[in-house]
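Examination of the molecular architecture
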Amino acid sequence: MADRDPVPVTAEVRARLAELELELSEGDITQKGYEKKRSKLIGAFFPQAPGMDPSMGQERRAPVTPSSSSRYHRRRSSGSRDERYRSDVHTEAVQAALAKHKERKMAVPMPSKRRSLVVQTSMDAYTPPDTSSGSEGEVQGDEGEAGEEEDGGGGGTSSSREGNISMERWINRAIHGTSSTTTTTSSTASSSSSSTRSGGSGAAGGRLADVLSQHAHHHHHHHPRQHHRHHRKTENHSAPPDVTGYTNSAPEGIQVERAPAAGTAAQRPTPKYGNAELMETGDGVPVSSRVSAKIQQLVNTLKRPKRPPLREFFVDDFEELLEVQQPDPNQPKAEGAQMAASRGEQLGVVTNWPPSLEAALQRWGTISPKAPCLTTMDTNGKPLHVLTYGKLWSRSVKVAFNLLHKLGTKQEPLVRPGDRVALVFPNNDPAAFMASFYGCLLAEVVPVPIEVPLSRKDAGSQQIGFLLGSCGVTVALTSDACHKGLPKSPTGEIPQFKGWPKLLWFVTESKHLSKPPRDWFPHIKDANQDTAYIEYKTCKDGSVLGVTVMRIAMLTHCQALTQSCSYTEAETIVNVLDFKKDVGLWHAVLTSVMNMMHVLSIPYALMKVNPLSWIQKVCQHKAKVACVKSRDMHWSLVAHREQRDVSLSSLRMLVVADGSNPWSISSCDAFLNVFQTKGLKPEVICPCASSPEALTVALRRPVEEGTTPPGRGVLSMQGLSHGVIRVDSEEKLSVLTLQDVGAVMPGGLMCVVKPEGVPQLCRTDEIGELCVCTVATGTSYYGLAGMTKNTFEVFPLTSGGAPVGEFPFTRTGLLGFIGPAGLIFVAGKMDGLMVVGGRQHNADDIVATALAVEPMKFVYRGRIAVFSITVLHDERIVVVAEQRPDSTEEDSFQWMSRVLQAIDGIHQVGVYCLALVPSNTLPKTPLGGIHLSETKQLFLEGALHPCNVLMCPHTCVTNLPKPRQKQPEIGPASVMVGNLVSGKRIAQASGRDLGQIEDNDQFLFLSEVLQWRAQTTPDHVLYTLLNSRGTIASSLTCVQLHKRAEKIAGILAERGHLQDGDHVALVYPPGIDLIVAFYGCLYAGCVPITVRPPHPQNIATTLPTVKMIVEVSRSVCVMTTQLIFKLLRSKEASAAVDVRSWPPVLDTDDLPKKKPPLLYKPSNPDTLAYLDFSVSTTGMLAGVQMSHTATSAFCRSIKLQCELYPSREVAICLDPYCGLGFVLWCLCSVHSGHQSVLIPPSELEANPALWLSAVSQYKVRDTFCSYSVMELCTKGLGLQTDSLKSRGLDLSRVRTCVVVAEERPRTALTQSFSKLFKDLGLHPRAVSTSFGCRVNLAICLQGTSGPDPTTVFVDMRALRHDRVRLVERGSPHSLPLMESGKILPGVRIIIANPETKGPMGESHLGEIWVQSGHNASGYFTVYGDEALQSDHFTSRLSFGDTQTVWARTGYLGFLRRTELTDASGERHDALYVVGALEEAMELRGMRYHPIDIETSVIRTHKSITECAVFTWTNLLVVVVELEGSEHEALDLVPLVTNVVLEEHYLIVGVVVVVDIGVIPINSRGEKQRMHLRDGFLADQLDPIYVAYNM
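The text that follows walks through the structure, step by step, so that each part is easy to find. (Residues numbered from 1 in each chain as written. Predicted model: local features only at pLDDT ≥ 70, side-chain atom pairs only at ≥ 80, totals over all residues. Heavy atoms only, no water.)

Details of helix α24 (residues 932-941)
Along an α-helix, residues three or four positions apart point the same way, because every turn accommodates 3.6 residues. Defined as follows: Burial status follows relative accessibility: with a 1.4 Å probe on protein chains alone, a residue under 20% of its type maximum counts as buried, one over 50% as exposed, and anything between as partly exposed. The helix and strand labels rest on DSSP assignments: H or I over at least four residues marks a helix, E over at least two residues marks a strand, and numbering proceeds from the N terminus. In this description, the arc belongs to the directions extending from the helix axis to the C-beta atoms. By the convention used here, residues are in contact when the closest approach between their heavy atoms is within 4.5 Å.
For α24, the set of buried residues is Ser 933, Thr 935 and Phe 939. Down the axis of α24, the buried set is contained in an arc of 160°. They therefore lie on one face. On its buried side, α24 packs onto β33 (859-871), β34 (874-883), β35 (913-918) and α41 (1529-1544). The positive-phi residue at the C-terminal boundary of α24 is Gly 942, with phi of around 75°.

Here's what the structure looks like:
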């Protein structure tokens, strides 16, 4: 078909097609109508393909029923796992639901994964597809299926890829509206299939071929297994496809990073970072990256709201409103009459029934000792040995004797009648188990059968230990082989398992036991009220309970089973079930002995090797009865290969132990479908329902041949979710088909009660919990009186309040109803019930739906776990499945999206999280099932290690608080005389006055102060620089500094020919040269700008910033050291920036001898002293102008606050390039005369203890550092405090240790630092923080005098609404805020509303405005757009005091008057900084500070070391750094989503997991979130995993 000439489709037809698409998407036209019109339109453009039925398109909705499967080819190659026989209602409903879904095309972005995370199993992933494989009938692909059909098109060259969705086309169609391609509506999961063509006939022909091949393949898509795949070689299982880039010339499937295929029409280059091809997002904005396109897709999927908005709300302990689901007025309600209890037939007492099981064993052991009792198999299916009734009797007597007489001493026997003992036997040794079980019964000891603990940390093993402990078990019986296999300590002892009591292990093999004396016989009584045995039961939460069964109950139960199953003596029964508990124990150990039957026991290990083994045994031994689970039937179907010599005609009863499970019906149907030809009669299948508490609840009896087959209940899922029974026709999608499990057991009475609250009888059309009243049930949960009362002693009430009967009922834990003719239908288990948004869903139903989506193709052995977790006041559904080892990324993603659609279509409920794990990794129960509670635990702990995760919080979480509407602010009318705003103080505060002028304060200029110091105290040391070893690298006295500064001024005048007022960039490492150059500039009358030098290892990213500052600051000259001079001229530098456009660069290493003729005498103190450039956290480069007046005022303010004098020493470990760090490093010493010990922070990487040891060595009282330094010390010295102490490190002299910052104080870090170094004498009150910003480099700074910094706790939810609500420490949603130091002298602060600019009341959140002598005088920008920010420096209040000029800091905070007093005796006003306005994120009408969300995220998992969040088109993006193996990456996605929902009521849109160090951090230790965002959108982060939450 691809060989035909391409036929152009006219623009007119294209327009008409686009119109049709629109009509269909808006629901104006049905799918059928759409296809009809469309094929008419296109029909004109190509001749009818041979053999293609034009009506095929319309017929595709008709599901393929099992009966019609014979029309298809039946020949298969040997390895094929054919799903053909999965008849079942379910698969059809699911396929139909999916077909419905495909009309709503959803573009779902696939997660991106790092290559190392993609588990590659198939080699062909990396080999180019071989396009020449056009031959038919060869065996290809992972399942070895042979394709033998003609393709719908000519020549069979175009092929349909149905296994792997080719999402490219439909996603692009969703993004680009309608593209010019003409594809038909896509397959069930909206896939348009396409693949490589041989014959390069150009794009359009390929596209048409595509359309035709699709038409021809419509009927495939229904029965996913019906057709074998063709030309498997052309398929490509590779890394996840890039589903975003789109070119019209690539119709040939998805080509991801592989060699170009021969003969493809056109090939698109693989997009790499940065140069991904341009495409438009949905809004028509061109973007050049995969990431932003994926996010755009995500936004597109979220545009359509899922459910109608709800009107009512409930209040969550504070004004935060969470929506509560309102009952839907149209929801179905129960209308039937009250049900009547249903009674089983009389338990017919047969004359020769034994009075107890021990009596039965004695009878058979003595009358017919040679009769076979049990045949065990080895793993090859050969009989290992046959246990006769004689042997069983004599062994049991021996065990009983040894238990009672050989343990302990004669006076103090270890075991007495009535004691509990554990039975620990493997699943392949039923003989030893039986002998021990009956031995215990004979000794009147209570056996507690449990699983063999394989390792110390087996799934659920600890809980079993608790059960044994609570039962007081001290002895464990086991077999020789098992005993040898238990883990041993070096001394040969069996270790105590975690949570287990101390046990004596007792081996029960005959050779280890002593013979009982001739005259010893066990005492055989009639069955009485004593406990016979205890069966363990695992609850929903993983705890293990022991159900006690009395001897009389055990006997009555055996009698009821005998009557129901019409068991007769010497019948043969094949048992595949676990013989230690439940149905396996009741039929194959207890009832079989009562009736002298012969049991063939098939171990689980044999079933794994040969799933058909049980069928072969039934055939060999002409067995009458078999006990299986639907899983065993399913496995035998999968393994079945047309065996000739199999006959099941001897079976009169096939007991299906989990017949009450909703998915068992499909296994039963499919099994019958295949084996009916092998003599299996339909009436033989007997599903049964049971529970540990009520034993057998119901069992369908084998009926006479020829009677009507049992009924089916086809119930509406919608009704069931409201607990109501509504019979539905099978055509409807969302139905649950149930099979009955027979009638009430003989001698029993059954009723149905409401699952919640008082046990009131249900109506006839209501689902409830089944309760039974009979002797044959358990009697209690061992040792738990309260729970026992609620379960085993229930008195159901009629609507009138009268009890149904005088005897108590037992709750079965099964949900269901009693149907017509007294048949019992079970719709699920109480344990599996999940209540989501007020509707009930059953975990088993959801498993059944997920399994019906191509189960064996994708899910490994059908292993799916479904459970719910509570997030944000509602249950959320989580589905975890094991994927087949050979499935590709694309397979799994396709399967996941289809499961989501199927569950949504059938159950009308969203799945919160879908996780895929590698095969065989989920915790197992001993017989290979999934250990559910353990899986849930792992999921919640982040230890499940999935290989794929899809979260859909947007669709599930419908109870988020209503987005907030802003309230109008207080108007001017409410401002009264004085300082009151609506009854509150206006929030304003100020530091103390600057006070009288001292000797050096008469100077207006720092250059004059330096000259004065050089004359008066020439040899006073001002600066000492330390190297990484802690020794002095260099120091400067007043006169040295003065002389060197003069020489620098000389260089500038001579070499640089600078005028006064010229700008000079100083690019120096932190040190003395920087200080010298700074004062040299002042002496020359130039304006210095300090710039951080480029990092030699990272020139490409650091040099452009240097260049930018030099350009923006209009520097006419650059001064630097020789080393950096060389670096600026290096090859790497010229690669990063244009080197030719640098201004002249002077290196100042060799200073000239002569000094300049004249020093510059500044005259006007309001001229510029220096420019301060800094990159803000949002990535903005801002330079502010500092005048001479401001500089002097600044130094003076700090001098007063910290009491700095020439006799003082101050240690500074900060970056000296901007803000307070620069002022402390370069200016304060000259102004105040104290000695500064300078410690470059970069030296701490080599020696983390450098800063603290310098503080100790120089006996420093005041020290300044940054958060990064503090963090380095906390992390790097955490374990070394003792060794530091022994080296004499002493921090007890430190009065103030100030963290210089421009953010909210990091309370957690400062506290852990204080705690850690408390042992070294650091006083906790010494540690504090400062606060500055661009408009004022230091507003607060904890001084020497004054009260300690206070911490308050505020409600985080109120903060989002811009309100401050103080709460107690430790209350939920509380956030600690530490005061940011004391307000500096000469500084006034007021809190104003950032929108209205009105003053705020005290303890109200608003923008911090500041007025002070050291405010910067404005931004320095090249472009002259100061108007934008002019109000940052010159703002006035809109009412109240409208005269004062304030500078706006851009930070939110609040003032609060504390109980403490200042040095002046006034009450102290504390300033609390909450966060920067420009960083804050507006989401759902509320204001969020990134740091709060980040703190929550970092707490969720030990492997998250750092986190940063930002928004992109209303989506919250969370980036986490992972410390640990990459396989933990996907564990983080659900945890991050959960915590942000729970604590912040936000849905995370994208979770990005990256390596450590990816989140950029500036010199102050602040996260550069905007840089990160840009890197993410430009696809430059190289993430380990990106999850797009839907």
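Some details on the packing of helix α8 (residues 357-367) against helix α14 (residues 582-594)
The line we're drawing: Fitted lines through C-alpha atoms serve as axes, helices being fitted only where they are in contact, and the angles separating the N-to-C directions of these axes extend from 0 to 180 degrees. Definitions for this section: a left-handed crossing has its near helix turned counterclockwise from the far helix by less than a right angle. A right-handed crossing has that turn clockwise. Under the grouping applied here, Gly and all other residues not named as nonpolar or charged are polar, the nonpolar ones being Ala, Val, Leu, Ile, Met, Phe, Trp, Tyr, Cys and Pro and the charged ones Asp, Glu, Lys and Arg.
Where α8 meets α14, the axes come as close as 8 Å, and the angle between the chain directions of the two elements is 65°. By crossing handedness, the relation of α8 to α14 is classed as left-handed. Where α8 approaches α14, its residues Leu 357, Ala 360, Leu 361 and Trp 364 are matched on the opposing element by Leu 590, Val 593 and Met 594. Considering only residue class, the contact of α8 with α14 consists of seven nonpolar, no polar and no charged.

Quick notes on the nonpolar core
For clarity, the cut-off: Side-chain atoms within 4.5 Å link the members of a nonpolar core, which is a set of buried Ala, Val, Leu, Ile, Met, Phe, Trp, Tyr and Cys residues.
Residues Leu 1041, Leu 1052, Tyr 1079, Met 1119, Ile 1198, Leu 1227 and Phe 1264 are the most contacted members of the largest nonpolar core, which totals 90 residues. Listed in part, the 78 residues of the second largest apolar core include Leu 347, Ala 435, Ala 443 and Met 594.

A look at the pattern of salt bridges
Our working rule: By convention in these notes, a salt bridge is any Lys or Arg side-chain nitrogen within 4 Å of a carboxyl oxygen on Asp or Glu.
Following the criterion strictly, the structure yields 44 salt bridges and no others. For the salt bridge of Arg 701 with Glu 345, the shortest nitrogen-to-oxygen distance reads 2.9 Å. You can see Arg 701 sitting in the loop between β22 (695-699) and β23 (712-716) and its partner Glu 345 sitting in the loop between β8 (342-343) and α8, a full 356 residues away along the chain. Classification of Glu 345 by relative accessible area gives partly exposed; the value is 36%.

Description of the side chain of Asp 1147
Threshold: N or O atoms within 3.5 Å of each other form a polar contact, as long as, within protein, one can give a hydrogen and the other can take it, and as long as residues adjacent in sequence are counted only when both atoms are side-chain atoms.
Looking at the element boundaries, Asp 1147 is found in strand β45 (residues 1145-1147). Within the structure, the side chain of Asp 1147 is placed 3.3 Å from the backbone nitrogen of Asp 1149, a separation counted as a polar contact.

Considerations on the sheet that holds strand β36 (residues 948-951)
We count it as follows: Note: two strands are recorded as paired if DSSP finds a minimum of 2 bridges between them.
Spatially, β33-β34-β35-β36 is the arrangement adopted by the four strands of the open sheet, whose pairing is mixed. Edge positions in the sheet fall to β33 and β36, since each has one partner strand and no second. In this sheet, adjacent strand axes meet at a mean angle of 15° when their direction is disregarded. Here β33 runs beside β34; their pairing, made up of nine bridges, is antiparallel. Residue pairing in the sheet places Thr 870 in a bridge with Glu 875 of β34. Contacting β33, β34, β35 and β36, helix α23 (residues 889-907) runs over the sheet at an angle of about 30° to β36.

Remarks on the side chain of Thr 812
Among the secondary structure elements, Thr 812 is positioned in strand β29 (residues 810-818). Assessed through its relative accessible area of 1%, Thr 812 is described here as buried.

Section: the packing of helix α35 (residues 1267-1277) against helix α37 (residues 1307-1316)
Rules: Note that the term roughly parallel is reserved for angles under 35 degrees, roughly antiparallel for angles over 145, roughly perpendicular for angles of 65 to 115, and oblique for everything else.
Where α35 contacts α37, the two axes come as close as 10 Å, and the packing angle between them is 45°. One finds that α35 runs oblique with respect to α37. When you trace α35 past α37, the crossing you get is left-handed. Counting all contacts with α35, which are made through Tyr 1267, Met 1270, Glu 1271, Cys 1273 and Thr 1274, the residues of α37 involved are Leu 1309, Thr 1310, Ser 1312, Phe 1313 and Leu 1316. A per-class count over the contact of α35 with α37 returns six nonpolar, three polar and one charged.

Focus on the packing of aromatic side chains
For the record, the criterion: What counts as a ring pair is set by centres within 6.5 Å for rings of Phe, Tyr and Trp (its six-membered ring), and what kind of pair is set by the plane angle: stacked under 30 degrees, edge-to-face over 60, tilted for all other angles.
With the rule as written, the count across this model stands at 23 aromatic pairs. Geometrically, the ring pair formed by Phe 858 and Trp 895 is stacked, given 5.0 Å between the ring centres and 20° between the ring planes. With a gap of 37 residues between them, Phe 858 in helix α22 (residues 855-858) and Trp 895 in helix α23 connect regions that are remote in the sequence. Trp 895 shares its class with Phe 858; the two are buried.

A look at the pairing of strand β20 (residues 653-656)
Let me state the cut-off plainly: When the strands point away from the viewer and the path from the first strand over the helix to the second turns clockwise, the crossover is right-handed.
Both faces of β20 are covered, namely the face carrying Met 653 and Val 655 and the face carrying Leu 654 and Val 656. With four bridges joining them, strand β19 (residues 625-628) and β20 adopt parallel strand pairing. In the strand pairing of β20, Val 625 is matched with Met 653. Bridge count between β20 and strand β21 (residues 685-691): three bridges; the pairing is parallel. If you follow Leu 654 over to β21, its bridge partner there is Ile 685. Where the polypeptide runs from β20 across helix α18 (residues 664-675) and back to β21, its parallel neighbour, the crossover connection is right-handed.

Thoughts on a positive patch on the surface
The condition that has to hold: Patch membership requires over 30% relative accessible area and the absence of a salt bridge. Like charges are linked within 9 Å, and nonpolar side chains (Val, Leu, Ile, Met, Phe, Trp, Tyr) within 5 Å. The accessible surface values rely on the Shrake-Rupley method and a 1.4 Å probe; as for residues, cover is taken only from the protein chains in view. His is not counted, nor are the chain ends, whereas Lys and Arg count as positive and Asp and Glu as negative. Each charge is placed at NZ for Lys, CZ for Arg, CG for Asp and CD for Glu.
Together, Lys 32, Lys 36, Lys 37 and Lys 40 give the surface a local cluster of positive charge. In this structure Lys 40 comes out as exposed when scored by relative accessible area, which is 72%.

With respect to the sheet that holds strand β12 (residues 446-450)
Here four strands make up an open sheet; going across it, the order is β12-β11-β13-β14 and the pairing parallel. A strand with exactly one partner marks an edge of an open sheet, and here the two such strands are β12 and β14 (504-507). Going from strand to strand, the sheet's axes swing by 30° on average, the running direction of each strand aside. With three bridges joining them, strand β11 (residues 420-424) and strand β13 (residues 475-478) adopt parallel strand pairing. Across the sheet, the residue bridging to Leu 423 is Leu 477, located in β13. Helix α10 (residues 430-443) contacts β11, β12 and β13 of the sheet and is inclined by roughly 175° relative to β11. On top of the sheet, helix α11 (residues 461-471) reaches β11 and β12; it is set at about 170° to β12, its chief contact.

Concerning the environment of Met 434
Examined against the element boundaries, Met 434 turns out to sit in helix α10. Using a relative accessible area of 1% as the deciding quantity, one classes Met 434 as buried. A C-alpha to C-alpha distance of 10.0 Å links Met 434 and Trp 393, two positions 41 residues apart in sequence. Apart from residues no more than four positions distant in its own chain, Met 434 is found in contact with Cys 373, Leu 374, Leu 392, Ala 588, Val 589 and Val 593.

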